[in-house]
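If you want the building blocks of each chain, they are given just below.
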Amino acid sequence: MENQRLLVVGAGQMGAGIAQTAATQGFEVWLTDNAPEQVQKALSGMQARLSRAVETGKLTADQQRDILSRIHAVPTAQSVSSIDLCIEAIVEAEAVKVGVFRELGEHFGPDTILASNTSSISISRIARDTRYPERVIGMHFMNPVPVMRLVEVVEGALTKSEVTQHVMAAAEAMGKVPVLVQDYPGFVSNRILMPMINEAIFALQEGVASREAIDTVMKLGMNHPMGPLTLADFIGLDTCLSIMEVLYQGFSDSKYRPAPLLRKMVDAGLLGRKSGQGFYHYDK
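Bear in mind that the values here come from a model prediction, so they are computed numbers and not experimental data.

Enquirer: Please clarify how the pattern of salt bridges should be interpreted in this entry.
Expert: Any two side chains of opposite charge can pair if their charged atoms end up close together. This model, assessed by the stated rule, comprises eight salt bridges. A salt bridge links Asp62 to Arg65; the shortest N-O distance between them is 2.0 Å. In this pair, Asp62 and Arg65 are both assigned in helix 3 (residues 61-69), three residues apart and thus about one turn of the helix distant. With relative accessibility at 48%, the residue Asp62 sits in the partly exposed group. Here Lys274 makes a salt bridge to Asp238, at a shortest N to O gap of 2.8 Å. Residue Lys274 is found in the segment after helix 11 (260-267), and its partner Asp238 is found in helix 10 (residues 237-251); the two are separated by 36 residues along the sequence. Bridged by salt links that share partners, the residues Glu88, Glu92 and Lys97 form one connected network.

Written as structure tokens, this is what we have:
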């Protein structure tokens, strides 16, 4: 896909990863965030990661410069026009996402595809208040984006087939493997993953085993690369709780009830790696 123009809204861990990945594959990328300092932090992080790639021989210095030259910081999404694909990667909160998509829909015309990196929220509801709901779709990247190959492509109730085809092709052009799924709570990945993490938290809460024992059982017994409690800290306990609440409300099934310990830790600000403490302690 030559000369693809991509706007990433949200410069956190996911947004920065999407921007870096797309620029590495030749996309022209614009990056924005409602906190300007977050954009600069994202750019610094990309510079550091790409410098390490140069040091290890995975990139040349010229390639690094070319990648960074294709990433443009802008103050707002409205600062950019003629975008082929806009990917939203902000906080996992439905009301906030709906508001952002309403604004994006007012600014961009019918030729721009609006994609959400949501990990669980209904694409159909996100699209409902936009001018062109048929141009809205889900692109759920996995974390860390530059490493993980999967992208869940989520069709909303009104998403047009040509939009899906374009997004599948765009994901492939970014070096990813797109998998088409339908718009149900949690899609596929988090509908399966999050209840497993939630059950591990219940096991810890009930004193079945220590945090280290629970993680070791899943690593050595199930061949998982990291245990569920370590993974929860990596994802962010607030994000885990948000996804479990989406599942619980979406299916009205008690099997998706968030573990009280998870809610207690989020209330206390113990969010995992990003806060310095979750199920484990981290050096910030």
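Now that the structure has been shown, we can carry on.
Enquirer: When you look at the UniProt feature "domain: 3-hydroxyacyl-CoA dehydrogenase NAD binding" (unreviewed entry) in the protein chain in this model, what are you seeing that I'm missing?
Expert: In the UniProt entry, the feature "domain: 3-hydroxyacyl-CoA dehydrogenase NAD binding" (unreviewed entry) is given for residues 8-183. Strand forms 20% of residues 8-183 and helix 41%; the C-alpha atoms that close the span are 22 Å apart.

Enquirer: How do you make sense of the layout of surface pockets when you look at a structure like this?
Expert: Which parts of space are left empty comes out when a probe the size of a water molecule is rolled across the atoms. Quantified by volume, the second largest pocket comes out at close to 230 Å³. Every residue lining the second largest pocket is counted, 15 residues in all, and those nearest its centre are Glu94, Ile121, Arg125, Val246 and Gln249. When residues in the lining of the second largest pocket are grouped by element, the largest group, five residues, is from helix 10. Taken together, the residues of the lining of the second largest pocket sort by class into five nonpolar, five polar and five charged.

Criteria and thresholds
Residues numbered from 1 in each chain as written. Predicted model: local features only at pLDDT ≥ 70, side-chain atom pairs only at ≥ 80, totals over all residues. Heavy atoms only, no water. Salt bridge = Lys/Arg side-chain N within 4 Å of Asp/Glu carboxyl O. Helix = DSSP H or I, 4+ residues; strand = E, 2+ residues; numbered from the N terminus. Buried < 20%, exposed > 50% of the residue type's maximum accessible area, 1.4 Å probe, protein only. UniProt positions renumbered as here; feature names shortened; annotations may be inferred. 1 Å grid on protein atoms, 1.4 Å probe; cavity = no way out; pocket = protein on both sides within 12 Å on 5 of 7 lines; lining within 4 Å. Points joined across faces, edges and corners; volume = space filled by probe spheres on them. Nonpolar A, V, L, I, M, F, W, Y, C, P; charged D, E, K, R; others polar.

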